[in-house]
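Secondary and tertiary structure notes
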Amino acid sequence: MTLVTTTIIPIRWESGRLDILDQRLLPRQEHYLACAHIEEVAEAIRTLAVRGAPLIGITAAYGLALAALSATNLVDLAKQRDLLASTRPTAVNLFWALDRCWGMVEQLPVGADMAAVADALLAEARAIHAEDVASCLAIAQAGVPLFPAGARVLHHCNTGALATGGIGTALGVIRALQADGRLAMVWVDETRPLLQGARLTAWELQRDGIPHRLICDNMAASLMAAGEVDAVIVGADRITRNGDFANKIGTYGVAVLA
């Protein structure tokens, strides 16, 4: 598979500060929140300035590392961990990342100072981030062979760099199709009610120079009837062991049409 990249950087660690691309302002404005305190990271997660299950987990891991820089002891740090955990009660990746990071803290030598704790947490956050980058690439590699050459793909939700640590999940597959010269068009569902497709997916595709057209959700049927759609790819908020999954409003309708 051709090297697949994106120009979009939703979060970045900058010498004791976490910069978060404020997704509430997209697509009209690209603005990074410079978070120097854990309360700012928590607020960014709570208010959807940062979103997407994998990216929320990565952000929480960096947030805990940030908290460790100013925490005086582990009791204080545990309170900051609980603050992050309270931001999105349904975000599975949030709790998974925090539990993983805290488990690493518990493995440090007894009496380790907070500087060592902060260093270890930052290393763990970077590892979680790198693993998600690799996961996105693996999904893309697995997905590309499922699509015909010259594919016209309908995409629902936002599943790209704005939701993950890398090139995206479903949108990562689309980026890989583009890199391999196998993509003709992406039909972008607006994805109501929060317009993740119209505000975020379309912006990502435009930013990376990928051919696309934005459609209102109820145009999918007419496009399929006209033979303009070769394949559908969507996000998945939850996946069961047998392959069933749940996703944003409108996904079921697209599945029935497909």
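Located above this text is the structure these notes cover.
Presented here is an overview of the structure given in this document. Remember, predicted model here, so these are calculated numbers, not experimental data.

**A look at the overall build of the chain**
Within the chain, the secondary structure is distributed over nine helices and nine strands. Taking 2.2 N^0.38 as the reference for a compact globule, 258 residues should give roughly 18 Å; the C-alpha atoms of the chain span a radius of gyration of 19 Å, in line with that estimate. With the principal axes as the frame, the chain shows a C-alpha extent of 65 × 35 × 35 Å. Counting only contacts in the chain whose residues sit at least 6 apart along the sequence, the fraction spanning at least 24 positions is 71%. For the chain, the accessible area works out to roughly 12100 Å², and carbon and sulfur atoms hold 56% of it. Of the charged side chains in the chain, 21 are positive and 26 negative; the average position of the first set lies 4 Å away from that of the second.

**A short note on the packing of aromatic side chains**
A complete count under the given rule lists one aromatic pair for this structure. Judged by centre distance (6.0 Å) and plane angle (20°), the ring pair of Trp 13 and Tyr 62 falls under stacked. With Trp 13 in strand 1 (residues 11-13) and Tyr 62 in helix 2 (residues 53-70), this residue pair connects regions lying 49 residues apart in the sequence. Note on accessibility: Trp 13 and Tyr 62 belong to one class, buried. Of note, Arg 81 hangs over the ring of Trp 102, and the distance from its end group to the ring centre comes to 4.4 Å.

**Observations concerning the nonpolar core**
In this structure, Leu 18, Val 41, Tyr 62, Leu 64, Leu 77, Leu 84 and Leu 121 are the most contacted members of the largest nonpolar core, which totals 44 residues. Counting only elements with at least two residues in this core, the list comes to strand 1, strand 2 (18-21), helix 1 (38-46), helix 2, helix 3 (74-85), helix 4 (92-106) and helix 5 (114-143). At 11 residues, the largest contribution of residues to this core is made by helix 2. Those residues in contact with Tyr 62, other than ones at most four positions away along the chain, are Ile 11, Trp 13, Leu 18, Leu 122, Ala 125, Arg 126 and His 129. Ile 167, Val 186, Ile 210 and Ile 233 belong to the second largest nonpolar core, which has 21 residues in total.

**Let's talk about the packing of helix 1 against helix 3**
Interaxial distance between helix 1 and helix 3 falls to 9 Å at its minimum, and their mutual angle equals 15°. Overall, the two elements helix 1 and helix 3 adopt an arrangement that is roughly parallel. Here helix 1 and helix 3 pass one another in a crossing that is right-handed. Note on element contacts: helix 3 touches helix 1 through Gln 80, Leu 83 and Leu 84, opposite Ile 38, Glu 39, Val 41, Ala 42, Ile 45 and Arg 46. In terms of residue class, the contact of helix 1 with helix 3 is built from six nonpolar, one polar and two charged.

**Description of the state of the cysteines**
This structure, assessed with the given rule, holds zero disulfides. With no disulfide of its own, Cys 136 lies closest to Cys 157 among cysteine sulfurs, the gap being 14 Å. Residue Cys 136 is classed as buried on the basis of its relative accessible area, which comes to 1%. We note that Cys 216 lacks a disulfide partner, and the nearest cysteine sulfur, in Cys 157, lies 17 Å from it. Residue classification places Cys 216 among the partly exposed positions, given a relative accessible area of 29%.

**With respect to the packing of helix 3 against helix 4**
It is at 10 Å that the axes of helix 3 and helix 4 come closest, and there the two elements cross at 170°. Relative to helix 4, helix 3 is oriented roughly antiparallel. Where helix 3 crosses over helix 4, the handedness of that crossing is right-handed. Touching Leu 74, Leu 77, Ala 78, Arg 81, Leu 84 and Ala 85 of helix 3 are Leu 94, Phe 95, Leu 98, Trp 102 and Val 105, all from helix 4.

**Quick notes on the pairing of strand 4 (residues 151-156)**
Counted residue by residue, strand 4 has five buried out of six residues, so it is predominantly covered. Here strand 4 runs beside strand 5 (residues 183-189); their pairing, made up of five bridges, is parallel. Paired with Val 153 across the strands is Val 186, a residue of strand 5. Taken together, strand 4, helix 6 (residues 170-179) and strand 5 constitute a β-α-β crossover, and its handedness is right-handed. As paired strands, strand 4 and strand 7 (residues 231-234) are joined by four bridges and run parallel to one another. From the neighbouring strand, Val 153 faces strand 7, where its bridge partner is Ala 231.

Rules and cut-offs
- Residues numbered from 1 in each chain as written.
- Predicted model: local features only at pLDDT ≥ 70, side-chain atom pairs only at ≥ 80, totals over all residues.
- Heavy atoms only, no water.
- Helix = DSSP H or I, 4+ residues; strand = E, 2+ residues; numbered from the N terminus.
- Rg over C-alpha atoms; globule rule 2.2 N^0.38 Å.
- Contact = heavy atoms within 4.5 Å.
- Areas by Shrake-Rupley, 256 points an atom, 1.4 Å probe, with all protein chains shown as cover.
- Lys, Arg positive; Asp, Glu negative; His and termini not counted.
- Charge placed at Lys NZ, Arg CZ, Asp CG, Glu CD.
- Phe/Tyr/Trp six-rings, centres within 6.5 Å; stacked < 30°, edge-to-face > 60°.
- Buried < 20%, exposed > 50% of the residue type's maximum accessible area, 1.4 Å probe, protein only.
- Lys NZ or Arg CZ within 6 Å of the ring centre and 35° of its normal.
- Core = buried A, V, L, I, M, F, W, Y, C linked by side-chain atoms within 4.5 Å.
- Axes fitted to C-alpha atoms, helices over the stretch in contact; angles between N-to-C directions.
- Parallel < 35°, antiparallel > 145°, perpendicular 65-115°, else oblique.
- Left-handed = near helix turned anticlockwise from the far one by under 90°.
- Nonpolar A, V, L, I, M, F, W, Y, C, P; charged D, E, K, R; others polar.
- Disulfide = S-S within 2.5 Å.
- Pairing = 2+ DSSP bridges.
- Right-handed = clockwise from strand over helix to strand, strands pointing away.

Geometry only, nothing functional implied.
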